[in-house]
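# Coordinates in review
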Amino acid sequence: MRTYNVTHLNQLESESIYVLRETAAQFERPCLLFSGGKDSIVMAHLAAKAFAPAKAPFNFLHVDTGHNFPETIEFRDRFVKKLGVQLVVGSVQDSIERGTAQEETGPDASRNGLQSVTLLESIEREGFDACLGGGRRDEEKARAKERFFSHRDAFGQWDPKNQRPELWNLFNGRMGPGENFRIFPLSNWTEMDIWQYARLEEIDLPSLYFAHEREVFERNGSLLAVSEFVVPRDGENPSKETVRFRTIGDATCTGAVRSKASSLDEVIQEVAASRVTERGSRSDDRRSEAAMEDRKKQGYF
Amino acid sequence: MTEDKNYLEMDLLRFTTAGSVDDGKSTLVGRLFYDTKSIFEDQLEAIERSSKQHGDENVNLALLTDGLRAEREQGITIDVAYRYFATPKRKFIIADTPGHIQYTRNMVTGASTANLALILVDARKGVIEQTKRHAFIADLLGIKHVAVCINKMDLVDYEQSPYEQILKDFGDFASRLDHVTELTFVPISALKGDNVVERSENMPWYKGPSLLYHLETVYVGSDANHVDARFPVQWVIRPHSDEHHDFRGFAGRVAGGVFKPGDEVTVLPSGFSTRIKKILMADKELEEAYNPLSVTITLEDEIDVSRGDMLVKPNNQPNVDQNLDAMLCWFSSSKKLVAGTKYLLRHTSKDVQAIVTEVLYKVDVNTLRKSEDDRELGMNDIGRVTLRVSQPLFFDTYRRNRNTGSFILADAFTNETLAAGMMR
């Protein structure tokens, strides 16, 4: 008897492409949230495949905290140019200057939470009715219950107790005026799937993900990189180490890991052996047990 | 290095678990994660901290899945949680759903995408109402593989007789399940780990595999329909570039059957026929496409095709009708089903308006009895209805094809998803 096996990566790919096409079909002006991190790169790669040989019918939106690793911005600009898509940048700095967002104070101040303000402002300014995000359900427990098509009210809020049931692959993207959707094509991917798929498809990733030498120091259990935004305090002794990043977010809250993995094959081996999740190195999730849920309710990605 | 490339061959199993806290469902999921090294240290530390805060003596593995603040506060699972783990053979997606009767809609949701249902039975209690409810819902949603885990075997001294009794009781009842083609019973102790990952030495009378081995090897490759070719068009690709000026590709996910270049296809609803020129995945040409692959199909002739249309084979066409007969599961907590109300219906890539013309009967999910006296469908109710839609749909029975036999109803005013339907 003929068998029809489909590998797990092919299944995930097909599912994501289906969701991306559904987004294009159900919304007037969808955008793709592009951070320059591996998840958004894989999502953009899938978007390019979904609509080939045409261009993906999405504007790319980068919510920029201003606290980036320079490598991320370089990569972003190169990537967007290659795909030939339109990039819109929403700047947290602009929101702060306009007075719609206020910079956190205190020793662990971060602009991470402020991204929600800038995101909602960008959505309104550009008239986006849906934002594609690279969020995965395995990342964090509040995300484990997130839908592919996640409805947000006119204030951009997520109501976890009142989500639309999602069955089969029938997605309900209908909404009232002023409301919008966050859409997560990578919902069912794990960190490992992302790395494996990047390897399989030979997707180019920023150099930050691979072992390199960098000035780092420890703070609250995270290995932070010294930069113009992150300055060691008294008693924090920076040293040069061989590290890489498992996630790339705002430079102020993204921790590095000591690693010698310099290729995707080595990264895959390392992640397989790792006993800590990738978010274990992100201080934004450690603020409280429900930190992610609270941020999402306020309109976070 | 070859061993490291296993993942290029790995496949995927989606399964659903239903049960209440007492069944040890969370303990079982926790055990599978723990023993396959899918729990990470920081996650374990986080739930240890949290368990202490909530005053639990043992590490409460339920906290791994119950992530929302309200769930932790109330100690209940509100919603379907999706969880992931992998072994070198397979990747697993668990749709973890609460088992109480008021969560029927969550069980239905979790079951809708699953290949296998894992049903937990307490060895001391045997087959109870909840067991039957879970089995009924798994069957209704077209799940072909059911694994019954007879849990807490340690509490019945690993004796064979409670296991045999459950086999018998469940077997009597399982003859009424239509879709289920494979029923497996595994005696386990989720707490002690017996027969979960490794075969247990405490139950020499049991000759079957461990639960994980079963999950790793159960064959689901032929579950999808590979007979009736169905391709709902999702999106039309028309590049506005000089290079691809004449390109017109029809993008979608194969919902059934097998398509090959050269195949004759008929477009519904127009009825025009032509041949498939190419099947594309980005810049790669494929020799064939089947469910669940997302592809782009180009045709030999230029004919009008748009979203909501369906490509089929001329000699194997779906039902085309405006009158439908379906099982309906009602989800909305705010509105009950009202016959005659205009709803929005989504089926494959098509949106139409729909009116429920009649509720034929309601099913009691505990006794599985059909009631013609009570025909009111509210939240968590399941019933058989007839509908009339504003345009003909191209469909198969749900039993024959999950993709072309399923639909959802949404409210025309609030846009809320109200119900899920399965064509009969």
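Residues numbered from 1 in each chain as written. Chains lettered and ligands numbered in written order. Predicted model: local features only at pLDDT ≥ 70, side-chain atom pairs only at ≥ 80, totals over all residues. Heavy atoms only, no water.

## Considerations on the overall build of chain B
This is how it is decided: A run of H or I in DSSP counts as a helix once it spans at least four residues, and a run of E counts as a strand once it spans at least two, with each numbered from the N terminus. Here the radius of gyration uses the C-alpha set of atoms, whereas the globule reference equals 2.2 Å times the residue count to the power 0.38. Only protein chains enter the accessibility calculation, which uses a 1.4 Å probe; a residue whose area is less than 20% of its type maximum is buried, one above 50% is exposed, and one in between is partly exposed. Contacts between residues were defined by any pair of non-hydrogen atoms, one from each residue, lying within 4.5 Å.
Counting its regular elements, chain B contains eight helices and 23 strands. For 424 residues, the compact-globule estimate of 2.2 N^0.38 gives 22 Å, and the C-alpha radius of gyration of chain B, at 24 Å, lies within 12% of that figure. Dimensions along the principal axes, computed over C-alpha positions, put chain B at roughly 70 × 65 × 40 Å. The burial tally for chain B puts 59% of its 424 residues in the buried class. If you take every contact in chain B between residues at least 6 apart in sequence, the share linking residues at least 24 apart comes to 70%.

## What to know about the sheet that holds strand β3 (residues 87-91) of chain A
Residues and elements named next belong to chain A. Using the following cut-off: Note on pairing: DSSP must find at least two bridges between two strands before they are called paired. Note on geometry: axes are lines fitted to C-alpha atoms, helical ones only across the stretch in contact, with angles between N-to-C directions running from 0 to 180 degrees.
Ordered by their spatial adjacency, six strands build an open sheet running β3-β2-β1-β4-β6-β5, and the pairing between neighbours is mixed. Each end of this open sheet is capped by a strand with a single partner; those strands are β3 and β5 (149-152). Each neighbouring strand pair of the sheet contributes to a mean axis angle of 30 degrees, computed without reference to strand direction. Where strand β2 (residues 59-64) and β3 come together, five bridges link them in parallel fashion. Looking across to β3, one finds that V63 is bridged to G90. Of the strands in this sheet, β1 (30-33), β4 (130-132), β5 and β6 (180-183) are in contact with helix α1 (residues 8-26), which crosses β5 at around 40 degrees.

## Considering the confidence of the model for chain A
Heads up, the condition is: The predictor rates its confidence in each residue with pLDDT, a number between 0 and 100.
Put simply, chain A has an average pLDDT of 86, and 90% of its residues get 70 or more. Between the elements of chain A, mean pLDDT differs from a low of 60, seen in helix α8 (residues 291-297) of chain A, to a high of 97, seen in α1(A).

## Topic: the sheet that holds strand β5 (residues 145-151) of chain B
All names here are of chain B. The strand order across the open sheet formed by six strands is β2-β3-β1-β4-β5-β6, and the pairing between neighbours is mixed. Of all the strands in the sheet, the pair left with one neighbour each is β2 (81-86) and β6 (182-187). Going across the sheet, the axis of each strand differs from the next one's by a mean of 25 degrees, ignoring polarity. Where strand β4 (residues 116-122) lies against β5, seven bridges are found, and the strand directions are parallel. Across the sheet, L118 pairs through a bridge with A147, a residue of β5. Contacts between helix α7 (residues 160-174) and the sheet are confined to β4, β5 and β6, with β6 contributing the most and set at about 160 degrees to the helix.

## Quick look at the domain arrangement of chain B
All names here are of chain B. For clarity, the threshold we go by: What fixes the domain bounds is an automatic or database domain assignment. Once two parts are brought into contact, the accessible area they lose, counted with a 1.4 Å probe and summed over both, makes up the buried area. By salt bridge we mean one thing: a side-chain nitrogen of Lys or Arg within 4 Å of a carboxyl oxygen of Asp or Glu. For this analysis, a polar contact is any N or O atom pair within 3.5 Å, provided that within protein one partner can donate a hydrogen and the other can accept it, and provided that sequence-adjacent residues contribute only side-chain to side-chain pairs. Note that Gly is not counted as nonpolar here; it falls among the polar residues with everything else outside the nonpolar set of Ala, Val, Leu, Ile, Met, Phe, Trp, Tyr, Cys and Pro and the charged set of Asp, Glu, Lys and Arg.
Under the domain assignment, chain B is made up of domain 1 (2-217), domain 2 (230-312) and domain 3 (319-423). A straight line from the C-alpha centre of domain 2 to that of domain 3 covers 30 Å. With twelve residues of domain 2 in contact, the opposing surface of domain 3 contributes ten residues. Regarding the contact of domain 2 and domain 3, the summed buried area is about 870 Å², with carbon and sulfur atoms giving 56% of it. Applying the counting rule to domain 2 against domain 3 returns one salt bridge. Put simply, R230 and D396 hold a salt bridge, and the shortest N to O gap is 2.8 Å. Here domain 2 is connected to domain 3 by five residue pairs in polar contact (both at pLDDT 80 or more). Its residues assigned to classes, the side of domain 2 that touches domain 3 comprises six nonpolar, four polar and two charged.

## What to know about the packing of helix α2 (residues 38-51) of chain A against helix α6 (residues 191-201) of chain A
All names here are of chain A. Let me state the cut-off plainly: The labels follow the angle: roughly parallel below 35 degrees, roughly antiparallel above 145, roughly perpendicular from 65 to 115, and oblique for the rest. Helix crossings fall into two classes, left-handed where the near helix is turned counterclockwise from the far one by less than a right angle and right-handed where it is turned clockwise.
Where α2 contacts α6, the two axes come as close as 10 Å, and the packing angle between them is 50 degrees. Here α2 is positioned oblique relative to α6, judged by the angle of their axes. Considering only the axes of α2 and α6, their crossing is left-handed. Together, K38, D39, V42, H45, L46 and K49 of α2 and E191, I194, W195, Y197 and E201 of α6 make up the contact between the two elements. For the contact of α2 with α6, the per-class residue count stands at five nonpolar, one polar and five charged.

## Topic: unusual backbone geometry
That bond from A52(A) to P53(A) is cis: its omega, 5 degrees, falls within 30 degrees of zero. Here P53(A) is to be found in the loop between α2 and β2. Geometrically, the link from L268(B) to P269(B) is a cis peptide bond, its omega value of 5 degrees lying close to zero. The residue P269(B) is located in the loop between β11 (264-268) and β12 (273-281) in this model.

## Description of the domain arrangement of chain A
By a widespread convention, an interface's size corresponds to the accessible area lost as its parts come together. All names here are of chain A. By the assigned domains, chain A splits into domain 1 (8-190 + 289-297) and domain 2 (193-285). Distance between the C-alpha centres of domain 1 and domain 2: 22 Å. Contact residues are listed per partner, giving 39 residues for domain 1 and 34 residues for domain 2. Overall, the association of domain 1 and domain 2 removes approximately 3100 Å² of surface from exposure, summing both partners, and the carbon and sulfur fraction of that is 56%.

## Looking at the packing of aromatic side chains
Residues and elements named next belong to chain A. Condition: For this analysis, a ring pair means two rings from Phe, Tyr or Trp (six-membered ring only for Trp) whose centres lie within 6.5 Å, classed as stacked if their planes differ by under 30 degrees, edge-to-face if by over 60, and tilted for the remaining angles.
With the rule as written, the count across this model stands at 25 aromatic pairs over all chains. Plain terms: the ring middles of Y18 and F171 are 6.1 Å apart, the flat faces sit at 45 degrees to each other, and that makes the pair tilted. One end of the pair, Y18, is in helix α1; the other, F171, is in the loop between β5 and β6, and 153 residues separate them in sequence. Residue classification places Y18 among the buried residues on the basis of a relative accessible area of 7%.

## Things to note about the pairing of β6(A)
Residues and elements named next belong to chain A. Neither face of β6 is open: one carries N180 and R182, the other F181 and I183, and all of them are buried. With three bridges connecting them, β4 and β6 associate as parallel partners. If you follow L132 over to β6, its bridge partner there is I183. By the bridge criterion, four bridges tie β5 to β6 in an arrangement that is antiparallel. Across the sheet, residue H151 finds its bridge partner in β6, namely F181.

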